[in-house]
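Architecture at a glance
This is what each chain is made of:
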Amino acid sequence: MQSGKHEAREYQVKIAEVASKSNTLVVLPTGLGKTLIAAMVAKRRLEEYPDSKVMVLAPTRPLVMQHLATFKEAAGLPQSAFASLTGSVDPGEREVLWLKSRMVFATPQTVYNDAKSGRISLSDVVLAVFDEAHRSVKDYTYTKLAQAYKDNATHPLILGLTASPGASRERVEEIKRSLFIDRVEARTEDSPDVEPYVEATAMQVVKVRVPDEYYELLLLLREIFNARVRKLTTGGFLRGGRASKRALLEARSTISARLRAAQASGGPKGYIYGAIMNQAQAVVILHALEVAETQGAQTLVRYLENVRGRADKGKAVSALLKEPDWIRVEDEAAKVVGVEYPKIAEVRKIVGEQFARKPDSRAIVFTQYRDTIEAIVRSLAASGLDARRFVGQSDRAGNEGMDQETQRASLEAFRSGEFRVLVSSSIGEEGLDVPDVDLVVFYEAVPSEIRFIQRRGRTGRTAAGRVVILLAEGTVDEPYYYSTTLKQGRMRELVQEEQKPARKRKLKDPTLLDFFGGATDAPARRT
């Protein structure tokens, strides 16, 4: 492989040396070169087994193409040695590409289906790289494909890559079982061999108050929500009256089990059917409440319109829409839709101050809701800032998606400075080659430590960065934020427990040292 394009850092060489010998899960913060570690291991395996191939897997086609581009840049192999296999490629063509390629980049479902149908053989694959390895749980295709690979490859070796495996021991252990992991190589920003390459990232929490004008709307939503919770609790379907989203989903499982038992025994079922209605309505109401509190009335009104406009409402939602209290909710939301939600003003202020200090900044604003994205883009544009949306491919009611080519063009324009503020849904969180930015704004807290780490990792990679998290006081934003903070600490402890005590290791493999030119790059200056 060519040298000079990149220079290997010492921690990358150490991790690659371990991963070349054992099934390894690499846990490394975003932007610190997980893909380059995979390329180093791939080089060694292809040299050790000349008539073999390497398989690099990623959950989405854009990620597949991103890895393909990275490996092509680093590798000294001819273009014909590389192939990308996704569902968009004809099955017959995939079979030919598989046979003639040495490095295959693919989505897992495509490879699994082709292997299952006999179009391809995994026998000569000497390395399988599973990017975003935290997905290797439950029934995700990674788990089935890893088993098939282990069973059929002559010289199997597995490398899992992730920035965030999860905060529970059970999840980490499940990932390890699914990928047959023997070793975990984990680093954090504070690890001695990583710290010189990590820039300082300032974290700030900004709290806002929900507007007083929302009082009647929120009171009404809470009343009709609590009425459903009381009924579910009285029926024994909610434990302790807990009313979170997770508790409601668990209640659905309890209801289904109770219904099956009643059907088998011939017992009464009327109250169970009532519970099904209450549970389904509670989910819709709770979502409306969270949108109102954390996103604002504009996004809520769009949600209410979408609920009413659905063709497949179901009996429970249809009944809810006829209730006078729900109609009052719609009326109250319409009354306050013109009251600017304070998070919008804070985004405008935070982003404006960033560009006043540093006009050539780049910023990303993350939010979960497309309607909020539109509101933020309009607000920033009104203050003279060129902000553009970044969303997934699927079309939503009144909101067009972005196909992969449009996504690619948008990121390239952002990278080149054509515009400097990207307002993104969750599509910008995981894996995509989003440029390093000076400022990341969380419009709301997220309950997942994995998503938190992915959002935060978009800054502080090549220069000092800043993260601002907006929380609406007295809303679900606050418990989400504090829960995620605790989960991050727990996750760090877990991966450090998995890591054997750090020892100075002599680098025995010269092919790993000279992969990127035989030197380590100079530590970046911390600010």
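Just so we're clear, the structure is a prediction, and the values are computed from it rather than from any experiment. (Residues numbered from 1 in each chain as written. Predicted model: local features only at pLDDT ≥ 70, side-chain atom pairs only at ≥ 80, totals over all residues. Heavy atoms only, no water.)

**Topic: the overall build of the protein**
We count it as follows: For helices the rule is a DSSP run of H or I covering at least 4 residues; for strands it is a run of E covering at least 2, with both sets numbered from the N terminus onward. With C-alpha atoms as the basis for the radius of gyration, the globule rule is written as 2.2 Å multiplied by the number of residues raised to the power 0.38. The rule is simple: take the accessible area with a 1.4 Å probe, protein chains only, and divide by the maximum for that residue type; under 20% is buried, over 50% is exposed, in between is partly exposed. Only heavy atoms enter the contact rule, under which two residues are in contact if any of them lie within 4.5 Å. Surface accessibility in these figures is a Shrake-Rupley result with a 1.4 Å probe; residues are shielded only by whichever protein chains are displayed. Only four residue types enter the charge count, namely Lys and Arg as positive and Asp and Glu as negative; His and the chain termini do not. For charged residues, the charge sits on one atom: NZ in Lys, CZ in Arg, CG in Asp, CD in Glu.
Looking only at helices and strands, the protein has 19 helices and 13 strands in total. For 527 residues, the compact-globule estimate of 2.2 N^0.38 gives 24 Å, and the protein sits close to it at 25 Å. Expressed as a percentage of the 527 residues in the protein, the buried residues total 53%. For the protein, long-range pairs separated by at least 24 residues make up 75% of all intrachain contacts whose partners lie at least 6 apart in sequence. Within the structure as shown, the protein displays about 23,200 Å² of accessible surface, and the carbon and sulfur contribution to it stands at 50%. In the protein, which carries 79 positive and 69 negative side-chain charges, the distance between the mean positions of the two groups comes to 4 Å.

**Some thoughts on the packing of aromatic side chains**
Under the convention used in this document: For Phe, Tyr and Trp, where Trp contributes only its six-membered ring, two rings pair if their centres lie within 6.5 Å, and the inter-plane angle classes them as stacked under 30 degrees, edge-to-face over 60, or tilted in between. Any Lys NZ or Arg CZ found within 6 Å of a ring centre and within 35 degrees of that ring's normal is scored as a charge over the ring.
For the structure on display, the rule yields 10 aromatic pairs. Measuring from ring centre to ring centre gives 5.1 Å for F442 and F452, while their planes differ by 65°; the resulting arrangement is edge-to-face. One end of the pair, F442, is in strand β12 (residues 439-442); the other, F452, is in helix α17 (residues 449-456), with 10 residues separating them in the sequence. These aromatic residues form a ring-pair network of at least three members: F71, F82 and F105. Over the aromatic face of F180 sits the side chain of K150, whose NZ or CZ is 5.2 Å from the ring centroid. In this structure, R455 packs its charged tip against the face of F442, placed 5.1 Å from the ring centre.

**Some thoughts on the sheet that holds strand β11 (residues 421-424)**
Hydrogen bonds along the backbone pair up the strands of a sheet, which may run parallel or antiparallel. This is how it is decided: Two strands qualify as a pair provided DSSP detects at least 2 bridges between them. For helices, the axis comes from a line fit to the C-alpha atoms of the stretch in contact; other axes are also lines fit to C-alpha atoms, and the angle between any two N-to-C directions lies between 0 and 180 degrees.
On the basis of which strands lie adjacent, the open sheet formed by six strands has the order β8-β13-β12-β9-β11-β10 and parallel pairing. Both outer strands of the open sheet, β8 (201-208) and β10 (387-390), are each paired with one neighbouring strand and no more. Shown here is a sheet whose adjacent strand axes are inclined to one another by a mean of 20°, direction ignored. Pairing geometry for β8 and strand β13 (residues 465-472), over eight bridges, is parallel. Looking at the pairing, A202 lines up with R466 of β13. Taken strand by strand, α17 contacts β8, β9 (363-366), β12 and β13, and its axis lies near 150° from that of β12.

**Let's talk about the pattern of salt bridges**
Going by this rule: Definition used for salt bridges: Asp or Glu carboxyl oxygen within 4 Å of a side-chain nitrogen of Lys or Arg.
Tallied over the entire structure, the rule returns 31 salt bridges. Close ionic contact of R183 with E185 constitutes a salt bridge, the shortest N to O distance being 3.3 Å.

**Things to note about the packing of α17 against helix α18 (residues 477-498)**
As a reminder, the rule being used: Small angles under 35 degrees read as roughly parallel and large ones over 145 as roughly antiparallel, with 65 to 115 read as roughly perpendicular and the rest as oblique. Put simply, Ala, Val, Leu, Ile, Met, Phe, Trp, Tyr, Cys and Pro go in the nonpolar bin, Asp, Glu, Lys and Arg in the charged bin, and everything else, Gly too, in the polar bin.
Where α17 meets α18, the closest approach of the two axes is 9 Å, and the angle between their N-to-C directions is 85°. When the axes of α17 and α18 are compared, the pair comes out roughly perpendicular. The segment α17 lies against α18, with E449, F452, I453 and R456 engaging Y481, T484, K487, Q488 and M491. Classifying every residue of the contact of α17 with α18 gives four nonpolar, two polar and three charged.

**Brief notes about the packing of helix α10 (residues 270-294) against helix α12 (residues 314-322)**
Heads up, the condition is: Should the near helix be turned counterclockwise from the far one by less than a right angle, the crossing is left-handed, whereas a clockwise turn marks it as right-handed.
Running from amino to carboxyl end, α10 crosses α12 at an angle of 65°, the nearest separation of the two axes being 8 Å. With respect to the hand of their crossing, α10 and α12 are arranged in right-handed fashion. The residues of α12 that touch α10, namely those facing M277, A280, Q281, V284 and I285, are K315, A316, V317, A319 and L320. By residue class, the composition of the contact of α10 with α12 is eight nonpolar, one polar and one charged.

**Side note on the sheet that holds strand β5 (residues 125-130)**
An order of β3-β4-β2-β5-β6-β1-β7 is seen for the seven strands of this open sheet, with the pairing classed as parallel. Pairing within the sheet leaves two strands with one partner each, and these edge strands are β3 (82-85) and β7 (183-186). The sheet shows a mean angle of 15° between the axes of neighbouring strands, direction not considered. The sheet contact formed by strand β2 (residues 53-57) and strand β4 (residues 103-106) spans four bridges and is parallel. The residue bridging M55 from the neighbouring strand is V104, located in β4. Each of β2, β5 and β6 (158-162) is contacted by helix α6 (residues 141-152), which is oriented at about 165° to β5, the strand it contacts most.

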